[in-house]
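What the coordinates show
As a plain string of letters, each chain reads:
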Amino acid sequence: MDPGISLILIIVGGVVAFFLLLYLLPVNLWFTAQLSNVKISLLNLVLMRLRKVPPSLVTNAMITSTKAGLRITSNEIETHYLAGGNVNKVIKALISADKANIPLDFKLATAIDLAGRDVFDAVQLSVNPQVINTPPVAAVAKDGIQLIAKARVTVRANINQLVGGAGEETILARVGEGIVTTIGSSINHKEVLENPDRISKTVLSKGLDSGTAFEILSIDIADIDIGENVGAKLQTDQAEADLKVANARAEERRAMAVANEQEMRAKAQEAKAKVIEAEAQVPMAMAEAFRNGNLGIMDYYKMQNIQADTDMRSSIAKPSGNDKGKS
């Protein structure tokens, strides 16, 4: 082989080996860490490469935390990174909490971060409270007047309840429930309109932030509008329902009366039929009496005279149609 080519290959191999050595041995990171008074060994940086942990991420995080006066080890940072956490946000949150005198340690910060919450935003929310506007909440006072209230809830993050604590939806639901309870317990709607702060005091006294990731600082009623007269509407609906029931019962009684009338008429017709049947049997009974000798001819004539006298009296008592016309 040509000596010139061999020399070139040696030089190229040396350059590649040099850069590979620089990659495996991040001397610049180690030197920067030493200048920043961060105690981390070169071997530890090499092992980070083998564990697929970016040495620059761990080193920069340690430098930042050390400059801020925090004591965090490289093993803690590596563990959080391998668990899928956001190292930079955790370090920023710890520094912000320390400057704001908010008690927050590395273990709690990493737990909040791994729970899916933004730990840095949580610290910022603890320093700068957030205002949550509730949707319109409708409630009815005891006098039947509907009131529609809107509230502004000032909250800040409760660091110790961020893991497993309820969110904004729970706060809004509890505040709405408190508004409905307060308005519903009022004698009339004028009391609420005259003292809207009564709602705030009542709702705050119930401890609605328990079990949530927030701490309620204040509840302010932003607006109260008068809605419908629900009491009058309910009374009107009830009156209409009572009227329908009364009409149904009256119709039922009318139907029963018609049925009874028809039944009486049927019974009257039945009685008339029985009378006619009995009258038809009178001649047969008289003939039988004549044959048996129980009825004489004089008895028969007397009965005929009585019948004629009865018919005459009936005709006198009931004037004919001509007499009615003359009268």
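Rules and cut-offs
- Residues numbered from 1 in each chain as written.
- Predicted model: local features only at pLDDT ≥ 70, side-chain atom pairs only at ≥ 80, totals over all residues.
- Heavy atoms only, no water.
- UniProt positions renumbered as here; feature names shortened; annotations may be inferred.
- Buried < 20%, exposed > 50% of the residue type's maximum accessible area, 1.4 Å probe, protein only.
- Helix = DSSP H or I, 4+ residues; strand = E, 2+ residues; numbered from the N terminus.
- Arc of directions from axis to C-beta.
- Contact = heavy atoms within 4.5 Å.
- Patch = residues over 30% accessible without salt bridge, like charges linked within 9 Å, V, L, I, M, F, W, Y side chains within 5 Å.
- Areas by Shrake-Rupley, 256 points an atom, 1.4 Å probe, with all protein chains shown as cover.
- Salt bridge = Lys/Arg side-chain N within 4 Å of Asp/Glu carboxyl O.

The name given to the protein in an unreviewed UniProt entry is Flotillin-like protein FloA, with Sphingobacterium paludis as the source organism. The UniProt entry for the protein carries the following text under Sequence similarities (unreviewed entry): "Belongs to the flotillin-like FloA family."

Turning our eyes to something else, we now look at helix α5 (residues 74-82). Each α-helix winds once per 3.6 residues, and so residues spaced three or four apart point in a common direction. Of all the positions in α5, only Ser74, Ile77, Glu78 and His80 are classed as buried. Buried positions in α5, seen along its axis, are confined to an arc of 165° and lie on one side of it. Across α5 from its buried face, at more than 90 degrees, point the exposed residues Asn75, Thr79 and Leu82. In this structure, the buried side of α5 is in contact with α3 (42-50), α4 (55-67), α6 (87-99) and α7 (106-114).

Our next topic: the side chain of His80. Tracing the backbone shows His80 in helix α5. By relative accessible area, which is 4% here, His80 ends up buried. With sequence-adjacent residues up to four places away left out, His80 is seen in contact with Gly85, Asn86, Val87, Val90, Phe106, Thr110, Asp113 and Leu114.

Turning to a nonpolar patch on the surface, a few remarks are in order. Taken together, Phe290, Ile297, Met298 and Tyr301 make up a surface patch of nonpolar side chains, about 420 Å² in accessible area. If one sorts the elements of the nonpolar patch by residue count, helix α13 (residues 297-317) sits on top with three residues. Note on placement: Ile297 falls in helix α13.

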